[in-house]
Amino acid sequence: MIRETDPAAIATAVVEMARSGRFADIELSFAPALRAVASAETLQVGWESQLSRLGAIGEVGAPISEPAPESWVTVIGKADLVKVSVPVTCERGGLTVVMAVDEVGLLQDLQLKPPLTESWTPPPYARRSRFDEHEVTVGSGTPAVPGTLSLPRGRGPWPAVVLLSGGGPFDRDATTGPNKPLKDLAWGLAGRGVAVLRFDKVTHTHAAQVAADPGFTMSDEYVPHAVAAVHLLQSHPAVDAARVFVAGHSMGGKVAPRVAAAEPSVAGLVLLAADTQPMHRAAVRVVRHLASLDPGAQAAVEAITRQAARVDSPHLSAETPAAELPFGYSGAYWLDLRDYDPVATAAALDKPMLILQGGRDYQVTVADDLAGWQAGLGHREDVTIRVHVADDHLFFPGSGPSTPADYDRPQHVDAAVVADIADWLAPRRPALARLLSTFRR
């Protein structure tokens, strides 16, 4: 356990212990509430996954201390919390270790975050003069989140899309290193006559509140805000209420059929690198892949394999400690995921779908995940399935095997992917509207 009470000194000590692999020592400094949802193994998996992407640590920066946000104080229930951020520079980028320290020096929260970056530049296909952007609020009350509406200029009504990002506490742009793939999509589509709404996930805006809820599930993470975003678009006078679609990336694509089942007015789905393999088993596969690139990550393979086995156990319950499960997600979260079949849910929907997959994606793969969509939906005439052979998980085009380090290089979503989505949406008008337009001609 750390023999310090100064928050800055504690934060520096935590980073140095993680750097030397002393994760059990860090766990000893967790407050009981944090220890219940995060173990030494969970921290080790997260830390080693980051370093496999970023490379060896080069420098640990000076800690920055500030009063904890009011939301942290409210959820954790302590008035004297200090938020400390420690910047860490690595071979291929960096991360920020953020923690909340209480008055006696116990860690109440610990997060690994990418550093803020302002290096994003618009993709070459963005036609910025063709659309405007407006800040909006998605949802109501305490769990409301901020978002951005990209609205084409000129006369509508326009088709519209709600964008859902992948698993994790993403902002509205799905910021990953210097890249913003959802912003690429929003700007690319808005310039081609599609209204786009993207928003910060509840796990990003209300992280402490979510962490304090042991019953929080994947449905809670996505469905309420996605449905609220659909309704927001449908009520906008420049949007064609009958042509509001949901487009989800990665886990956002996995959950998109559940959103459409909850809100029947959704016109159709765009599934981008949407996984069908159970996530706990996919996690083992991905960590094994990362360990093949960095043999030092073998301990992470062993940890994630043990945690995944707990998810498969018939004894999994809402009371299973989150620290014993992958990513520190609760037993309730994994029960919800384990019982959810995205392909069967999608197959029960009478809605058109566009399913896109990157051929170089090692996280969601053609063999492990797209095969599920093909088996369940490939026979339907209203389902289009397309593989962009050169693209990785974020639909960044390239060549050779994809690696985590690729995400640290500034890139943009493949222009062909944007064109696929825009072209697929363009003719999808209600039959009555098509008939009326024929008579008008």
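Up top you'll find the structure we're talking about.
Residue numbers run consecutively from 1 along every chain, following the written order of its sequence. At least 70 in pLDDT is required for a residue's local features to be given in this predicted model, at least 80 for side-chain atom pairs to be given and counted, and no such filter applies to totals for whole chains, interfaces and linings, which use all residues. Side-chain metrics in this entry use all non-hydrogen atoms of the structure; hydrogen atoms and water are not considered.

Student: Teacher, can you tell me more about the overall build of the chain here?
Tutor: For the chain, the helix and strand inventory stands at 17 helices and 13 strands. Here the C-alpha radius of gyration of the chain, 22 Å, is about what a compact globule of 441 residues would show, namely 22 Å. Seen along its three principal axes, the alpha-carbon backbone of the chain occupies a region of about 80 × 40 × 40 Å. Here's how the labels work: a residue is buried when its accessible area is under 20% of the maximum for its type, exposed when over 50%, partly exposed in between, all with a 1.4 Å probe on protein chains only. Going through the 441 residues of the chain one by one, you find that 56% of them count as buried. The contact criterion used is simple: two residues touch if any of their non-hydrogen atoms lie within 4.5 Å. For the chain, long-range pairs separated by at least 24 residues make up 68% of all intrachain contacts whose partners lie at least 6 apart in sequence. Surface exposure here means Shrake-Rupley accessible area, sampled with a 1.4 Å probe, where a residue is shielded only by the protein chains that are shown. For the chain, the exposed surface amounts to about 18200 Å²; the carbon and sulfur share of it is 56%. Starting at the N terminus, helices and strands are each numbered in turn, a helix being any DSSP run of H or I of at least four residues and a strand any DSSP run of E of at least two. For a compact globule the rule gives 2.2 Å times the number of residues to the power 0.38, and the radius of gyration it is set against comes from C-alpha atoms.

Student: Whenever I open this one, the sheet that holds strand 12 (residues 353-358) confuses me. Can you help?
Tutor: Whether parallel or antiparallel, the strands of a sheet pair through hydrogen bonds between backbone atoms. Any two strands between which DSSP finds at least two bridges are classified as paired. The eight strands are arranged 6-7-9-8-10-11-12-13 in an open sheet whose pairing can be described as mixed. Since the sheet does not close on itself, it has two edges, and those belong to strand 6 (131-138) and strand 13 (383-388), each with one partner. Neighbour to neighbour, the strand axes of the sheet diverge by 20° on average, direction disregarded. Sheet topology note: the strand 8 (residues 158-164)/strand 9 (residues 195-199) ladder contains three bridges and is parallel. Looking across to strand 9, one finds that Val162 is bridged to Leu197. On the sheet, helix 10 (residues 251-262) packs against strand 8, strand 10 (239-249) and strand 11 (269-272) and is oriented at approximately 140° with respect to strand 10. Convention adopted: a line fitted to C-alpha atoms gives each axis, helices being fitted over their contacting stretch, and angles between N-to-C directions are expressed from 0 to 180 degrees.

Student: Would you take a moment to explain a nonpolar patch on the surface for this structure?
Tutor: Together, Val366, Val387 and Val389 line one region of the surface with nonpolar side chains, adding up to about 230 Å² of accessible area. Considering the arrangement of structural elements, one finds Val389 in the loop between strand 13 and helix 16 (415-425). Val389 gets classed as exposed once you look at its relative accessible area, which sits at 63%. Patches were defined on residues exceeding 30% relative accessible area and lacking a salt bridge, with like-charge contacts within 9 Å and nonpolar side-chain contacts (Val, Leu, Ile, Met, Phe, Trp, Tyr) within 5 Å. Whenever a carboxyl oxygen of Asp or Glu lies within 4 Å of a side-chain nitrogen of Lys or Arg, that contact is scored as a salt bridge.

Student: I keep staring at the packing of aromatic side chains and nothing clicks. Help me out?
Tutor: Pairs of aromatic rings are described using the distance from one ring centre to the other and the angle between the two planes. For this analysis, a ring pair means two rings from Phe, Tyr or Trp (six-membered ring only for Trp) whose centres lie within 6.5 Å, classed as stacked if their planes differ by under 30 degrees, edge-to-face if by over 60, and tilted for the remaining angles. In total, this model carries seven aromatic pairs according to the counting rule given. A ring pair is formed by Trp120 and Trp187, whose centres lie 5.2 Å apart and whose planes are at 90°; its orientation type is edge-to-face. Placement of the pair is Trp120 in the loop between strand 5 (107-113) and strand 6 and Trp187 in helix 6 (residues 181-190), with a sequence separation of 67 residues. Judged by relative accessible area, which is 12%, Trp120 ranks as buried. Classification of Trp187 by relative accessible area gives buried; the value is 9%. Ring pairs connect the aromatic residues Phe327, Tyr329, Tyr333 and Trp334, which therefore count as one cluster.

Student: Just checking my understanding: could you explain the environment of Ser265 for this structure?
Tutor: For Ser265, the position within the fold is in the loop between helix 10 and strand 11. Of the residues examined, Ser265 reaches a relative accessible area of 31% and is grouped as partly exposed. Setting aside its immediate chain neighbours within four residues, Ser265 contacts Val230, Gln234 and Val244. A distance of 2.6 Å separates the side chain of Ser265 from the side chain of Glu263, its partner in a polar contact. Throughout this description, a polar contact denotes any pair of N or O atoms lying within 3.5 Å of each other; where both atoms belong to protein, one of them has to be capable of donating a hydrogen while the other can accept it, and for residues adjacent in sequence the pair is counted only when both atoms sit in side chains.

Student: When you look at the side chain of Gln411 in this model, what are you seeing that I'm missing?
Tutor: Relative to the helices and strands, Gln411 is located in the loop between strand 13 and helix 16. According to the relative accessible area criterion, Gln411 is buried, its value standing at 9%. Separated by 2.8 Å, the side chain of Gln411 and the backbone oxygen of Asp406 make a polar contact. Non-local contacts of Gln411, meaning those with residues more than four positions away in its chain, are made with Asn179, Asp184, Phe396, Pro397 and Asp406.

Student: How should the nonpolar core be read in this particular structure?
Tutor: Proteins that are soluble and globular tend to have nonpolar side chains buried together. One finds Val162, Leu164, Met218, Leu233, Val246, Leu269 and Trp373 to be the most contacted residues of the largest nonpolar core, which totals 53 residues. The dominant element in this core, judged by the number of residues it contributes, is helix 9 (residues 218-234), at eight residues. Counting 37 residues, the second-largest nonpolar core is a separate cluster that includes Ala186, Leu189, Phe396 and Ile421. By nonpolar core is meant a set of buried Ala, Val, Leu, Ile, Met, Phe, Trp, Tyr and Cys residues that side-chain atoms within 4.5 Å join together.

Student: Can you help me understand helix 9 in this one?
Tutor: The periodicity of an α-helix, 3.6 residues per turn, causes residues three or four places apart in sequence to face the same way. Helix length check: helix 9, at 17 residues, gives a terminal C-alpha distance of 24 Å against a target of 24 Å (1.5 Å per residue), a fit within 8%. Counting buried residues along helix 9, twelve of its 17 residues qualify, which places the element largely inside the surrounding structure. Among the residues of helix 9, Met218, Ser219, Glu221, Tyr222, Val223, His225, Ala226, Val227, Ala229, Val230, Leu233 and Gln234 are the ones counted as buried. The span expected for a helix works out to 1.5 Å for each residue beyond the first.

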